[in-house]
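Each chain, written out:
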Amino acid sequence: MLSSQPVRLVGIGLLAGLLSALLGVGGGIAIVPLLILLCAFEPREAAATSLGAVAITALAGVALYAVHGDVRVGYAALIGLPAVGGALAGTALQQRVSGAALTLGFAGLLTGVGIWMLAG
Amino acid sequence: MSATTIALGLALGAVGGVLSGMFGVGGGILFVPTLVALGLGQVEAAATSLLAVVPTATAGIWRQTRYGNLRVKPALVLGVASIAGVEAGVTIATSLPEHVLRRLFGVVMLLVAAQLGHRAFRERARYSETR
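Our subject in this report is the structure included herewith.

Calculation criteria
Residues numbered from 1 in each chain as written. Chains lettered and ligands numbered in written order. Predicted model: local features only at pLDDT ≥ 70, side-chain atom pairs only at ≥ 80, totals over all residues. Helix = DSSP H or I, 4+ residues; strand = E, 2+ residues; numbered from the N terminus. Buried ≥ 20, exposed ≤ 12 C-beta atoms within 10 Å, placed from the backbone. Rg over C-alpha atoms; globule rule 2.2 N^0.38 Å. Contact = placed C-beta atoms within 7 Å. Axes fitted to C-alpha atoms, helices over the stretch in contact; angles between N-to-C directions. Parallel < 35°, antiparallel > 145°, perpendicular 65-115°, else oblique. Left-handed = near helix turned anticlockwise from the far one by under 90°. Nonpolar A, V, L, I, M, F, W, Y, C, P; charged D, E, K, R; others polar. Core = buried A, V, L, I, M, F, W, Y, C linked by C-beta atoms within 7 Å. Domains from an automatic or database assignment.

Overview of the overall build of chain A
Right, on to step 1. Regarding its fold elements, chain A presents 5 helices and 0 strands.
Right, on to step 2. Listing each helix as α and each strand as β along chain A from the N terminus yields α-α-α-α-α.
Right, on to step 3. Each of the three principal axes of chain A carries a C-alpha extent, and together these read 40 × 35 × 30 Å.
Right, on to step 4. When burial is assessed residue by residue, chain A has 57% of its 120 residues classed as buried.

The following block contains the structure:
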């Protein structure tokens, strides 16, 4: 049963949602490595597919928070607009590095976040 | 908003966007602490970060679709399943102390990072062999 790809995807999604609810970090940090390690995704495919999932989760989250009036639109624009430019640059940059280098870079990011969690 | 606030927001927003596009994360990992530093409360920061993630991820998705890297069906399954995971997470978060959870996930992340590093070196070795 665990060998079936859809079952693994559902499991990874659940875990990603759990992580974002518990720790306030997005699901992407869980989705990318698990797609690479458990579902045999290429690093670039894993990153791209993770973004698709994160967009869905973030939309649902915004809708929930907006009902409670917690979303500050001005601040979201202040950060989100330059981030759009950054994301375009980041995806372009990603196409120029090897899969192994990308995996290694992600391992570095994950190490940083792991240490931050243990220290915090 | 003061000039310093605006400059800090713009700069960290851009860096978060690069991380997002490069590694496929939403950027919230940088957005939330930035918004807290700018004076928002924890819940406001989390909510506002999610709104900032939507256009950031959308820009990445648009480019990645053109590069041919996005696998649409798995993305949909992951996205919908993680909404259910959030529900479960909220229940667990209220029953376990936060520092225990942070330690636990911190250790898991370091283990996964080591696994990824191992995989990257193995792939690199295989690549140089075939050349």
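So much for the structure itself; the text now carries on.
Quick word on the overall build of chain B
Right, on to step 1. Scanning chain B from terminus to terminus reveals 5 helices and 0 strands.
Right, on to step 2. Put simply, chain B runs from its N terminus to its C terminus through helices and strands in the order α-α-α-α-α.
Right, on to step 3. Whereas a compact globule of 131 residues would reach a radius of gyration of roughly 14 Å, chain B reaches 18 Å, over 25% beyond that.
Right, on to step 4. Referenced to the eigenvectors of the C-alpha coordinate spread, the extents of chain B come out at roughly 55 × 40 × 30 Å.
Right, on to step 5. Here chain B, with 131 residues, has 46% of them falling under the buried criterion.
Right, on to step 6. Long-range contacts, defined here as pairs at least 24 residues apart, represent 37% of the contacts in chain B between residues at least 6 apart.

Re the packing of helix H1 (residues 5-23) of chain A against helix H2 (residues 28-39) of chain A
All names here are of chain A.
Right, on to step 1. Contact geometry for H1 and H2: axes closest at 10 Å, N-to-C directions at 155°. On the basis of the axis angle, H1 is roughly antiparallel to H2. Between H1 and H2 the crossing geometry is right-handed. Residues Gln5, Arg8, Leu9, Ile12, Leu15, Ala16 and Leu19 of H1 touch H2, and the partners they reach there are Ala30, Ile31, Leu34, Leu35, Leu38 and Cys39.
Right, on to step 2. Residue classes in the contact of H1 with H2 are distributed as 11 nonpolar, 1 polar and 1 charged.

Here we look at the environment of A:Gly28
Right, on to step 1. By the secondary structure assignment, A:Gly28 is in helix H2.
Right, on to step 2. Taking the C-alpha atoms as reference points, A:Gly28 and A:Ala76, separated by 48 residues in sequence, lie 19 Å from one another.
Right, on to step 3. Apart from the residues within four sequence positions on either side, A:Gly28 is in contact with A:Ser50, A:Val54, B:Gly24, B:Val25 and B:Gly26.

Structural notes on the interface of chain B and chain A
Right, on to step 1. Across the boundary between the two partners, chain B contributes 85 residues, which contact 83 residues of chain A.
Right, on to step 2. For the side of chain B that touches chain A, the elements supplying multiple residues, two or more each, are helix H1 (3-23), helix H2 (28-37), helix H3 (42-67), helix H4 (72-93) and helix H5 (98-130) of chain B.
Right, on to step 3. Considering every element that reaches the side of chain B that touches chain A, the biggest residue donor is H3(B), with 20 residues.

Let's talk about the nonpolar core
Right, on to step 1. Of all hydrophobic cores here, the largest spans 81 residues; its most connected members are A:Leu19, A:Ile31, A:Val32, A:Leu110 and B:Leu78.
Right, on to step 2. Residues lining this core come from more than one domain, with at least three contributed by each of domain 1 (1-72) and domain 2 (82-131) of chain B.
Right, on to step 3. A:Ile31 has contacts with A:Ile12, A:Ala16, A:Ser50, A:Ala53 and B:Leu78, leaving out every residue within four places of it along the chain.

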